[in-house]
Every structure is written in structure tokens, then in C-alpha cells.
Amino acid sequence: QVQLVESGGGLVQPGGSLRLSCAASRSIFATNAMGWYRQAPGKRRELVAVINSEGNTNYADSVKGRFTIARDNAENTVYLQTDRLKPEDTAAYYCWVYSSGVSYWGQGTQVTVSS
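Everything numeric in this text was worked out from a predicted model, so none of it was measured.

Some thoughts on the nonpolar core
Ranked by size, the top nonpolar core spans 26 residues in total, and within it W36, V48, V78, L80 and Y93 carry the most contacts. Among the secondary structure elements, those contributing two or more residues to this core are strand 3 (18–24), strand 4 (33–39), strand 5 (46–52), strand 7 (67–72), strand 8 (77–82), strand 9 (91–99) and strand 11 (109–113).

This is how it looks when you write it as C-alpha cells:
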């Protein structure tokens, strides 16, 4: 069964914004870390942003100052606010949750930045 449900992707113009959401199943009790990866065709999957259980965050250099990761522990949800989007941000974005030594992955949500 799907344990991570993503939403929020879409087509946006350069300079625009999207808010990605990922809701983890309640059966995932301890979300030690939550984050977002992205993968464009022909490229490696790369870490975009991660947030740990203490709320500490890290970002890829390419998105620093433009993207913001946050989590809502009550809803077991992680968000990625993407601002000032660039064409090079175009990729499938995957939610990732690390819990008790196990990695979980979302199905991916497509972000396309184009005029």
C-alpha cells in the first residue's frame, strides 16, 4: 500500500511558485527525517531539501534562498515551498521519509517550469 501521498506539482512559469505536500501514513510512527528529492530525465536523483526530527534543515545549493522545507508533525506531513522557480527546477519530485532505519518513497509529482 502507498504510505506517502504527494501532491502539488504542476506547470508553472519561470519565477512562479508551487507548494508540494507529502502526507505519510499514520502507521509510520517515527519520522526521523523527511525530505524531497528530484530527478530529471537522464540525470541522477538528487537531494533537494531535508528536515530532521529536531527541525533542522539542509538544502541543495541550487535551491537555497528559493525553496523552504517544513513539517507538520500533527498531520505527519512534509511540505516544500518552491519560489522563484527556474526552468532547471523541472523534474519529478519525490518525497522521502526515513523512519526506524527504513526509507519510504512517494510516487513522485511532476514540476515543470516553462513559459
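Picking up where we left off.
Observations regarding the pattern of salt bridges
Oppositely charged side chains can pair when the atoms bearing their charge come close. Enumeration according to the criterion identifies five salt bridges in this entry. R26 is the partner of E75 in a salt bridge, and the nearest nitrogen-oxygen pair spans 3.5 Å. Placement of E75 in the loop between strand 7 and strand 8 and of R26 in the loop between strand 3 and strand 4 is noted, with a sequence separation of 49 residues between them. The partner of D89 in a salt bridge is R66, with the nearest N and O atoms 2.8 Å apart. Taken together, the residues span a long stretch of sequence, with D89 in the loop between strand 8 and strand 9 and R66 in the loop between strand 6 (57–59) and strand 7 at a distance of 23 residues. The residues D89 and R66 share a single accessibility class, namely buried. The network of salt bridges with shared partners includes R38, E46, R66 and D89.

So, the sheet that holds strand 8
Within a sheet, neighbouring strands are paired by backbone hydrogen bonds and run either parallel or antiparallel to one another. Taken together, four strands build an open sheet; the order of strands is 1-3-8-7 and the sheet is antiparallel. Pairing within the sheet leaves two strands with one partner each, and these edge strands are strand 1 (4–7) and strand 7. Direction aside, neighbouring strands of the sheet carry axes that sit 15 degrees apart on average. As judged from the four bridges shared by strand 1 and strand 3, these two strands associate in the antiparallel manner. Of the residues in strand 3, the one forming a bridge with L4 is A24.

Let's talk about the packing of aromatic side chains
Tallied over the entire structure, the rule returns three aromatic pairs. Consider the rings of Y37 and W96, whose centres lie 6.0 Å apart with planes at 80 degrees: the pair is edge-to-face. A residue pair is termed long-range when its members are at least 10 positions apart, and Y37 in strand 4 and W96 in strand 9 qualify at 59 residues. For the pair formed by Y37 and W96, the shared burial category is buried. Three or more aromatic residues link up through ring pairs in this structure, and these residues are Y37, W96, Y98 and W105. The ring of Y94 has R45 sitting right over it, with the charged end atom 4.0 Å from the ring centre.

Parameters at a glance
- Residues numbered from 1 in each chain as written.
- Predicted model: local features only at pLDDT ≥ 70, side-chain atom pairs only at ≥ 80, totals over all residues.
- Heavy atoms only, no water.
- Core = buried A, V, L, I, M, F, W, Y, C linked by side-chain atoms within 4.5 Å.
- Buried < 20%, exposed > 50% of the residue type's maximum accessible area, 1.4 Å probe, protein only.
- Helix = DSSP H or I, 4+ residues; strand = E, 2+ residues; numbered from the N terminus.
- Salt bridge = Lys/Arg side-chain N within 4 Å of Asp/Glu carboxyl O.
- Pairing = 2+ DSSP bridges.
- Axes fitted to C-alpha atoms, helices over the stretch in contact; angles between N-to-C directions.
- Phe/Tyr/Trp six-rings, centres within 6.5 Å; stacked < 30°, edge-to-face > 60°.
- Lys NZ or Arg CZ within 6 Å of the ring centre and 35° of its normal.

In short, shape yes, function no, at least from these values alone.
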